[in-house]
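# A closer look at the structure
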Amino acid sequence: MFALRPERPATIEVAVEGQPLRVPEGASAAVAMLLAGIGRTTALSGAPRAPYCLMGVCFECLAEIDGVANQQACMVPARPGMRIRAQRGARRAGPA
Amino acid sequence: MSAPRTESFEAIVIGGGLVGAAIAWGLCRQGLATVLLDEGDIAYRASRGNFGLVWVQSKGLGAPWYQRWTRASAGEWPRLAADLAARTATDVGLQQPGGVHLCLSEPEFEARAERMAQMQREAGNTPYEYRMIRAPELRDMLPGLGPDVVGASFTPYDGHANPLRLLHALHRAFTEAGGVYVPEAKVEEGAAAPHDFAVLAAGRRFAAPRLVLGAGLGNAELAPCFGLAAPVRPQRGQVLVTERAAEILPMPITTIRQTQEGSLMIGDSIEEVGFDLRQTPPVMQAIADRAVRSFPWIGELSIVRAWSALRVMAPDGLPIYDQSARFPGAFTANCHSGVTLAGAHALLLAPMIAQGALDPMLDPFTAGRFDVRAAS
Amino acid sequence: MSYDLAIIGAGPAGMAAAVEAAAHGLRVVVLDEGGGPGGQIFRAVEQAAGDPALGADYAVGRALVGAFRAAGVEYRPLATLWHLDPDAGLLSVLAEGRTSTLAARRVLLATGAQERPVPIPGWTLPGVLTAGAGQILLKTAGVVPQGPTVLAGQGPLLRLVAAQLARAGAPPALILETTPPGRRRAVLRHLPGAWAGRGLLGQGLGLLLETRGLPRRQGVRELRAEGEGRLQRVVWDSGSIAAATLLLHEGVIPATHISRALGLDHAWDAAQQCWRPVTDAFGASSHAQVALAGDATGIGGWEAAMAAGHLAGLDAAYRLGRLDGAGLAYRAGPWLAARRRALALRPLLDALYAPPAAILAPADAVIACRCEEVTAGQVRQAARLGATGPNQLKAYLRCGMGPCQGRLCAPTVAALIAEVRGVPVESVGAYRPRAPYKPLTVAQLAGL
């Protein structure tokens, strides 16, 4: 569980699993996931995972961002209107 | 310093890649006490760069003996896979649903059709089934085919497997059947006489009446010592590997296959650059471009890793199999299709080596064929 | 686009090198994966310098970033290097979803460090993060953990994060220090160096004082994280505590992914228990066109990194004909001295906070490779069967083949193989990563 603080006004509105959430400018999509309590499940065993390093090394923060699967959410700055969804298992591939 | 004591075996195999390991295990399976000498991590290790196809349809145009040998290997593969699974509890991931070679233009399709027809003619009495399939029907077989795809050639003989699992299983089966595996053992010295060979490696001395060179690109240097020739050169190929995806491709394509774990492997390239293992973005781009033209949905997948590897290539692209005339008992085996030919190497070639004579069906694969060409 | 010097990374080393090189008339481009300059230590400093939780030693980064911005250097944030041909001087870069190629006569890798992985039982549970991640949350978003937070491990960063969280109104419920008892006495022989590093020592003592009221346990062993589907409690040999967040830290190590992919020479640093690219005093590597600076060459902290950046910038100016030998020697002098001072405390810190053996080579049930869910036991088993090193291991297990390409599992895998083979860990070797250094899509690569 994580919480915002008043020292950093949350001015950017994103949606995490369809729910609106405000984060400060400079927060990454992974921060939004942590605030919303959303993680992912692994492609191999479906084990629950969540961000670990927040600096682009561990790849645990994989999420679907604006419809694109398996993005490294900690490297993607939150932008207004961004849609973030949990990555559940292996991504789908194939014709839309 | 005293010389190391001699360790005697019934066969010495040099090279622990897909070729050497398959032969070594095949010899073990024939009951021969075998030692397998493997170089360290510094070796070129073509096996680690293998794409993983068990591929028949493209092999042996103008050389029906190669077509037959490849067909035979694909036929032996299920037995190989089952045997390895039983002995090592390793699933090498063999699937043989048939395979396609995509054509992205009408001239490509026509050229392919001619090639397949010629292969069938050359196959003679051995039935060679294939179909040329046009895009509308192909779309029912392969999901999300790109608009550039005109058609494909299909044969039911093609398939794929996991090359690293295969390598691991061959090694495991070998050691569990009593084979002796010596890593970090580059051959320093060799001595040869008919049916009497000795090799110094890793500070140890090994002797046997049979010796097999399965050291890939290393064979070129080793061969003369044992009265053999292995005129092979490196030929670079680059491969891209994507993130895992839910199962989507029902069969392999010459340059695209989905692994059991779900990643898509995308190849390939043919580059004559010597012993250069660098990756090159322009080639990687061309590979990616063809893949996206074949299946537009592939464009969305992330490439997680890629590599380049050196194929072991004879002047005509066919394998080289020989027994030394000067030193009978010494054999060489070279090819660039270590996965496809693993079935034949373990279950057909190894018994021949154990018996001491290569079957006449392998006569056309002698390195002597290059001397003839040079002379003419 | 053609440059004299391409710098990868905009932390203290990258920024200093850029400023120095530009001052000597070099055409410089800085490629930064991050959204703004500062690296990790000064991450988001332009937005967050006013946050009282972060303190004065963070705010100093604002001046560095200001100088960098004013230096007239081309700065490209959110740009990822995915291939480098160091001979041809060609960089393949992904930015804004498109790939492009840059040319540079010289390349400086200022890619910094990463946290050493801390493979304890349960470390893959949601709610377990690194102490660095806790800091990044604070720096980039002002966010703090809620519910009981435990800090565990050892090293200066642990105390700093504890202090910052406390200042932010979210003090950790417990600090678990894994430094073995008696270690402090053992490092007394490094004390002479401590005088030269007295500034840093003073800061450390200040943090100790500031956090003295926080509950802590020392000499903690058998650390584990437990819970159903997420962290619920932290357990150690002599106790346990309910927790919602666990922040782990066992030091940092150079991020060698790109330097390994390039095939640069590396040497094992026994004191820091990590691989470091081999460089000379100016950061020149084993490749004539590639240099490194900062924590990417060995852990030294931001002041050493800044000095190294200046030295690399000077060296680039010298090699590219904008500075003669005498000028180089003259200007390098103060930076060489500054770096020596900044590194004075290092031997003491390295000795004091050496990671415990159980972290380097964990128990069989612990996951060693997170991406491919491979346990330490499976790695040991493969080593017994004949995998002599991390690359050979790929024939047995998929370690190092997942998205992180071995960044997180490399130290653990190597230590496990070394343990089974009974050889020093440095003799086991390291993964050889390949391009793309970070993932890009097939369409992006195709240029679509």
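Note: the structure precedes this text.
Structure report, in brief. (Residues numbered from 1 in each chain as written. Chains lettered and ligands numbered in written order. Predicted model: local features only at pLDDT ≥ 70, side-chain atom pairs only at ≥ 80, totals over all residues. Heavy atoms only, no water.)

This part is about empty space enclosed by the protein. Taken as a whole and judged by the stated rule, the model has three cavities of 30 Å³ or more. Of the voids in this model, the largest cavity is the one considered here, and its volume is about 160 Å³. In terms of lining residues, the largest cavity is bounded by 14 residues, among which L167, H171 and Y181 of chain B together with Q392 and A395 of chain C are the most central. Of all the elements, helix 5 (residues 163–176) of chain B adds the most residues to the lining of the largest cavity, at three residues. Grouping the constituent residues of the lining of the largest cavity by class yields four nonpolar, seven polar and three charged. (1 Å grid on protein atoms, 1.4 Å probe; cavity = no way out; pocket = protein on both sides within 12 Å on 5 of 7 lines; lining within 4 Å. Points joined across faces, edges and corners; volume = space filled by probe spheres on them. Helix = DSSP H or I, 4+ residues; strand = E, 2+ residues; numbered from the N terminus. Nonpolar A, V, L, I, M, F, W, Y, C, P; charged D, E, K, R; others polar.)

Taken together, the contacts link 48 residues of chain C with 37 residues of chain A. Regarding the contact of chain C and chain A, the summed buried area is about 3,500 Å², with carbon and sulfur atoms giving 62% of it. For the interface between chain C and chain A, the tally reads two salt bridges. Between D51 of chain C and R5 of chain A there is a salt bridge, and its shortest N-O distance comes to 2.8 Å. Counting the contacts that link chain C with chain A gives 16 residue pairs in polar contact (both at pLDDT 80 or more). Those elements giving two or more residues to the side of chain C that touches chain A turn out to be helix 2 (45–48), strand 7 (113–115), strand 8 (128–130), helix 4 (131–141) and strand 9 (144–145) of chain C. Among the elements that make up the side of chain C that touches chain A, the one with the highest residue count is helix 4 of chain C (seven residues). For the side of chain C that touches chain A, the residue count by class is 27 nonpolar, 11 polar and 10 charged. The pairing of strand 1 (residues 2–3) of chain A with strand 9 of chain C spans two bridges and is antiparallel. Directly across from F2 of chain A, in strand 9 of chain C, lies its bridge partner P145 of chain C. (Contact = heavy atoms within 4.5 Å. Buried area = accessible area lost by both parts, 1.4 Å probe. Salt bridge = Lys/Arg side-chain N within 4 Å of Asp/Glu carboxyl O. Polar contact = N/O pair within 3.5 Å; in protein donor to acceptor, adjacent residues only side chain to side chain. Pairing = 2+ DSSP bridges.)

Once that is clear, we can look at the pattern of salt bridges. Applying the stated rule across the entire model yields 47 salt bridges over all chains. Note that R236 of chain B and E271 of chain B form a salt bridge whose closest N and O atoms lie 2.6 Å from each other. Residue R236 of chain B is found in strand 14 (residues 233–244), and its partner E271 of chain B is found in the loop between strand 16 (263–266) and helix 7 (281–294); the two are separated by 35 residues along the sequence. The same class applies to R236 of chain B as to E271 of chain B, namely buried. Among the ionic pairs, R244 of chain B bridges to E372 of chain C, the shortest N-O distance being 2.2 Å. (Buried < 20%, exposed > 50% of the residue type's maximum accessible area, 1.4 Å probe, protein only.)

Moving on, we get to unusual backbone geometry. Cis peptide bonds are those with omega within 30 degrees of zero, and the linkage from G267 of chain B to D268 of chain B qualifies with -20°. Relative to the helices and strands, D268 of chain B resides in the loop between strand 16 and helix 7. For the peptide bond that leads from A435 of chain C to P436 of chain C, omega is 0°, which places it in the cis range. Its location among the elements puts P436 of chain C in the loop between helix 15 (410–421) and strand 23 (440–441). The backbone of H195 of chain B shows a phi angle near 55°, a positive value even though the residue is not glycine. Looking at where H195 of chain B falls in the secondary structure, it is placed in the loop between strand 10 (187–193) and strand 11 (196–201). Positive phi is not limited to glycine here, since E96 of chain C has a value of about 50°. Within the secondary structure layout, E96 of chain C lies in the loop between strand 5 (90–95) and strand 6 (98–109).

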